[in-house]
Amino acid sequence: MRGHQRFGDFDREAVELASRLAASVVEIRAGSGVGAGTIWESDGLIVTNDHVVPSGQVEVSLSDGRTATGHVVARDQHNDLAVVSVNLAGLPAVNVRRDPVRPGELVMSIGHPFGVRHSVALGIVSTTTVTVDRFQRLLIRADVSIGPGSSGGPLVDAVGRVVGINSMMGGGLALAVPTFLAEGLIQAVVARAPA
Amino acid sequence: MNEQSTGTAPGGSALAAFSDALADAVAQAGRSIVRVDGRHRQPASGIVWSSDGLIVTADHVVERDDDLQVGLPDGRTVKARLVGRDPSSDLALLKAEAEGLTPIARSATARVGGLAVIVGRPGADLMASLGTISAVSGPIRTRRGGRLDGLIGTDATFYPGFSGAPLIAAGGDAVGLATSRFQGGRGNGVVIPMAAVERTVSALSSHGRVRSGFVGIGSQPVKLPDALRQRAGLSDQETGLLVVTVEAGGPADKAGLLLGDVILAFGGEPVRDPGELRDLLGSDRVGQQVTLRIVRGGEPRDLALTVGERA
């Protein structure tokens, strides 16, 4: 295959990935603050950062223009995670990756940095363990640029599976909470939900 | 978990194939990348040069000559000693107390526009950043570093502790060594090309040092009077070097330099402090005749000086 054809495939796949993922990334407004959220379950469970949803009730905007009131149904303050529930069904949920990531893997972030909706950035996994506030906390560091408004959006691998939730910045670059921590919180919510 | 295949997707996805290749390249290079504990704060990175423990790193991260340690890819931490250092090119060679290490694959080919990753080990784990090779420059003279054979610029992020880490090109080979000491664009560091690293390592391993020029004076910076600066056309230069000792029979003595002379420029380059003069005394200067611009008795004048070699 010619080099520029491979470059073309690469480009087309990246564009497809970005547009497919945008449907699963919501905007969350809580007072004057704006963040992102990642649709985890098609029946209305959204994962975001704890710091994005300081109050219990938020406004959620989908990429198709729909809006809904969301309620915070679970928090994990240590890992800066929260689950927001909206009363909508048939939402485009993300695929989740359970295998650990490796440094060097390609990753894409989607969020609303500086209010620019569904902004995409491409980079690689830099490392999976970072020291924050002098204690070892499991975070994925990636050399993708994010900004205020990216928080709560997904960091996905080369085939679009979520590997982390963008949570903070280090030098303008992403620090993401690994997916398994969000999975744990979601499972707790699902377990206590009435049948 | 199969280390070689996480993240792969069916259907020959170009993104997934690229992602896997990159992660494989990082893992492969990582077998030859060590942590270097040679300063108080943030540890830095180093490259395994030989299986018997030679480690190349950046000179500025080796702040002490003793009590050095190296964190190996297998997780062990071993003692290391300093074999030699070359501040002018910011390279240092260590010998770790270890055998059976995996030397890094090296290449002198760096193509502008090519993709490259910096892979460091600032702690226990590998850390990587992706960028392009933005520029490959010819020989340059850095403000603090004397003469360098050339530099590679990259837009890959220089994380703390990346000094001493290799830049790995798309082929999987290390094409240079990253350092934050010489600043590139964006506040980034730069990469010392592998050919220059090879030359310096060869000099350090055989002599423990790199040849450098010698003038044979002791000096200190002095403020230049405004009237003198105007007369000598030195609008940008506020200080010169006051000569406080002259070694008998040394190059400066032979050139006729006297105690109390103030050096303004060396070979046409302004010298504002002793560091700047030292930086101008790279190995290429040894044996060269240069013009020394000085002030004696308030009057600027030129002396011809033949640079010696530092013993």
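Counting starts from 1 at the beginning of each chain's written sequence and moves along it residue by residue. Whichever chain is written first is A, and whichever ligand is written first is 1; the rest continue in order. Given that this is a predicted model, residues contribute local features only at a pLDDT of at least 70 and side-chain atom pairs are listed and counted only at 80 or more, while totals for whole chains, interfaces and linings are drawn from all residues.

### Describing the environment of K95 of chain B
Residue and element names in this part refer to chain B.
- Here a strand is any run of E in DSSP of at least two residues, a helix any run of H or I of at least four, and the numbering for each starts at the N terminus. Among the secondary structure elements, K95 is positioned in strand β6 (residues 91–96).
- As a rule, residues whose C-beta atom has 12 or fewer other C-beta atoms within 10 Å are exposed, those with 20 or more are buried, and those in between are partly exposed; C-beta atoms are placed from the backbone. The class of K95 is buried, set by 20 C-beta atoms lying within 10 Å.
- Sequence separation of K95 and S137 is 42 residues, and the distance between their C-alpha atoms is 31 Å.
- Residues are scored as being in contact if the C-beta atoms we place from backbone atoms lie within 7 Å. In this view, K95 contacts G53, L54, A80, R81 and V83; residues no more than four positions away in its chain are not counted.

### Description of the sheet that holds strand β5 (residues 77–86) of chain B
Residues and elements named next belong to chain B.
- Strand pairing is assigned whenever DSSP detects at least two bridges linking the two strands. Taken in spatial order, the six strands close into a barrel running β1-β2-β3-β6-β5-β4, and their pairing is antiparallel. The sheet shows a mean angle of 40° between the axes of neighbouring strands, taken without regard to direction.
- For strand β4 (residues 68–71) and β5, the ladder comprises four bridges, and the chain directions are antiparallel. The residue of β5 that forms the bridge with V70 is V78. For helices, the axis comes from a line fit to the C-alpha atoms of the stretch in contact; other axes are also lines fit to C-alpha atoms, and the angle between any two N-to-C directions lies between 0 and 180 degrees.

### So, helix α2 (residues 179–192) of chain A
All names here are of chain A.
- In this model α2 runs 20 Å from its N-terminal to its C-terminal C-alpha over 14 residues, within 8% of the 20 Å that 1.5 Å per residue would give.
- Taken as a whole, α2 has its buried residues at T179, A182, L185 and I186. Considered in projection along α2, the buried side chains sweep an arc of 125° and stay on one side of the axis. Turned more than 90 degrees from where α2 packs its buried face, Q187, A191 and R192 sit exposed. Each residue after the first adds 1.5 Å to the expected span of a helix. Arc definition: directions from the helix axis to the C-beta atoms.

### Comments concerning the sheet that holds strand β5 (residues 67–76) of chain A
All names here are of chain A.
- Sheet architecture is closed into a barrel: six strands sit in the order β1-β2-β3-β6-β5-β4, paired in antiparallel fashion. The sheet shows a mean angle of 40° between the axes of neighbouring strands, taken without regard to direction.
- Note: strand β3 (residues 45–48) against strand β6 (residues 81–86), four bridges, orientation antiparallel. Note that in β6 the partner of I46 across the bridge is V84.

### A look at the domain arrangement of chain A
Residues and elements named next belong to chain A.
- Domains assigned within chain A are domain 1 (22–93) and domain 2 (95–183).
- When each unit is reduced to the centre of its C-alpha atoms, the spacing between domain 1 and domain 2 is 17 Å.
- Each partner contributes to the interface: domain 1 provides 19 residues, whereas domain 2 provides 18 residues.
- Mapped onto the side of domain 1 that touches domain 2, the elements with two or more residues apiece are β1 (25–30), β2 (33–41) and β3.
- At five residues, β2 tops the list of elements feeding residues into the side of domain 1 that touches domain 2. Residue ranges for the domains originate in an automatic or database domain assignment.

### Comments concerning the nonpolar core
Residues and elements named next belong to chain B.
- Core analysis: the biggest nonpolar cluster contains 117 residues, and I55 and V117 have the highest contact counts within it.
- The element best represented in this core is helix α1 (residues 14–30), accounting for seven residues.
- Setting aside its immediate chain neighbours within four residues, I55 contacts V34, G46, I47, V48, W49, V70, A80, L94 and A96.
- To count as a nonpolar core, a set of buried Ala, Val, Leu, Ile, Met, Phe, Trp, Tyr and Cys residues must be joined through C-beta atoms within 7 Å. Counting residues in each nonpolar core, the second largest holds 22 residues, with V215, I263, F266 and L281 among its members.

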